[in-house]
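# Structural overview
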Amino acid sequence: MTTTVITNIGSLVTNDPALGDGSPLGLTEDAAVVIEDDKIAWVGPTAKAPSADGTFDAQGRALIPGFVDSHSHLVFAGDRTAEFNARMSGRSYSAGGIRTTVAATRAATDAELEANLLRHLDEARRQGTTTFETKSGYGLTVEDEARALRIAAAHTEEVTYLGAHIVSPDYAEDPAGYVDLVTGEMLAACAPYARWVDVFCEKGAFDGDQARAILTAGAAAGLIPRVHANQLSYGPGVQLAVELEAASADHCTHLTDADVDALAQAADTTVATLLPGAEFSTRAQWPDARRLIDAGATVALSTDCNPGSSYTSSMPFCIALAVRDMRMTPDEALWSATAGGARALRRTDVGVVIPGARADLALLEAPSHVHLAYRPGVPLVSAVWQRGVRTA
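The following refers to the structure shown.

Rules used in this analysis
Residues numbered from 1 in each chain as written. Predicted model: local features only at pLDDT ≥ 70, side-chain atom pairs only at ≥ 80, totals over all residues. Heavy atoms only, no water. Core = buried A, V, L, I, M, F, W, Y, C linked by side-chain atoms within 4.5 Å. Buried < 20%, exposed > 50% of the residue type's maximum accessible area, 1.4 Å probe, protein only. Helix = DSSP H or I, 4+ residues; strand = E, 2+ residues; numbered from the N terminus. Contact = heavy atoms within 4.5 Å. Axes fitted to C-alpha atoms, helices over the stretch in contact; angles between N-to-C directions. Parallel < 35°, antiparallel > 145°, perpendicular 65-115°, else oblique. Left-handed = near helix turned anticlockwise from the far one by under 90°. Nonpolar A, V, L, I, M, F, W, Y, C, P; charged D, E, K, R; others polar. Salt bridge = Lys/Arg side-chain N within 4 Å of Asp/Glu carboxyl O.

### Some remarks on the nonpolar core
Counting 83 residues, the largest nonpolar core has Tyr161, Phe206, Leu263, Leu292 and Leu301 as the members making the most contacts within it. Looking at this core element by element, the count peaks at six residues for helix H4 (residues 142–153). If we ignore the near neighbours within four places in the chain, the residues touching phenylalanine 206 are Ala164, His165, Ile166, Val167, Tyr178, Val179, Val199, Phe200, Cys201 and Ile214. Counting 17 residues, the second largest nonpolar core, distinct from the first, contains Ile6, Ile9, Phe56 and Leu363.

### Section: the packing of helix H3 (residues 110–125) against H4
At a closest axis distance of 10 Å, the pairing of H3 and H4 adopts a crossing angle of 45°. In terms of orientation, H3 lies oblique with respect to H4. Crossing angle aside, the handedness with which H3 passes H4 is right-handed. Contacts from Asp110, Leu113, Glu114 and Leu117 of H3 reach H4 at Arg147, Arg150, Ile151 and Ala152. The residue inventory of the contact of H3 with H4, partitioned by class, reads four nonpolar, no polar and four charged.

### Topic: the pattern of salt bridges
Applying the stated criterion to the full structure yields 24 salt bridges. The residue arginine 387 makes a salt bridge to glutamate 157 at a minimum N-O spacing of 3.3 Å. Taken as a pair, arginine 387 in the loop between strand E16 (381–386) and strand E17 (389–390) and glutamate 157 in the loop between H4 and strand E8 (158–164) lie far apart in primary sequence, 230 residues in all. Arginine 387 sits in the partly exposed class, given a relative accessible area of 38%. Given the relative accessible area of 39%, glutamate 157 is considered partly exposed. Residue aspartate 294 pairs with arginine 290 through a salt bridge whose shortest N-O separation is 3.2 Å. Highlighted residues: aspartate 294 and arginine 290, both in helix H11 (residues 289–295), separated by four residues, approximately one helical turn. Connected through salt bridges with shared partners, the residues Glu157, Glu158, Arg195, Arg347, Asp349, Arg358, Asp360 and Arg387 form a single ionic network.

As structure tokens, this is what we get:
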């Protein structure tokens, strides 16, 4: 057993009101945290901190839970620079660009895919992300989807089967046949590596009936549903997510009043995960986080890191976008990027700094978490602990 005490924390975000000032962030000043192996063992005032094997002096800086990135697409090859350049020159975004990455991913070796995944994970970790979900969806064959999930599962427990990203180019003339594959042979090959099943319910991808069949089959195989919902247009995705008690409805850009009401009523079950990197990278309409929060929905923030529509691994960047363009307060944005992400993954051991939680922490080169939005683009994360080990 090894213990470390982090002392002289100027501002500690615990996400537990009972441990701090009574706010959702549970802010505590002049605080200390004791790590025992891979867990948080004690939280309280620096003056009362117990002794430990090692000491780290935070020197008045802010300490927050490690970010929980609950939506990413990191098993891929190639890039889509030309597509981004064209889009920034006036071409609109559609679901079809995924096919470019499918071709590159199929052609890549396992070693190339894993090296690319690890590069992005290291990049995210250096910016404070300590828990991440990632998906398949760029193979769209039985073999390529299974290998993507196998590679991902070696590096995270939060793995999502997304064979239903788009209809495979191989089935362009037979979408029903592809749904049969996704719900049959492909699901059987992929389920052992995954915890979640997802579908892109959108014009140009899968309609409501197809999405229902895919999510229902995944649930029957023991996977928990998530939904790419209402990103590009109004549609059935959010209502389907709520009906099937999906852990999250992700994107939520185009919402009717009924969609907002449904997410509010399902706040304990289905999280509205907002992905501002996608809107930034596609010059699309911003999700209205204020509308969702005021209605009572649970909101998470995530990067949606992928090579086509949101090529960022930076949760601090997404926090800044959410505050500036989605009408969130700095407190709400940080909660959504930590505890909110944990809720979207149905986890209670991450996204918080409380005794018994996983020792995932990020130290900021700033006196307050507000600097994440106040100083956008500045690399403020100066130290990271993941499972109790200082990694960056």
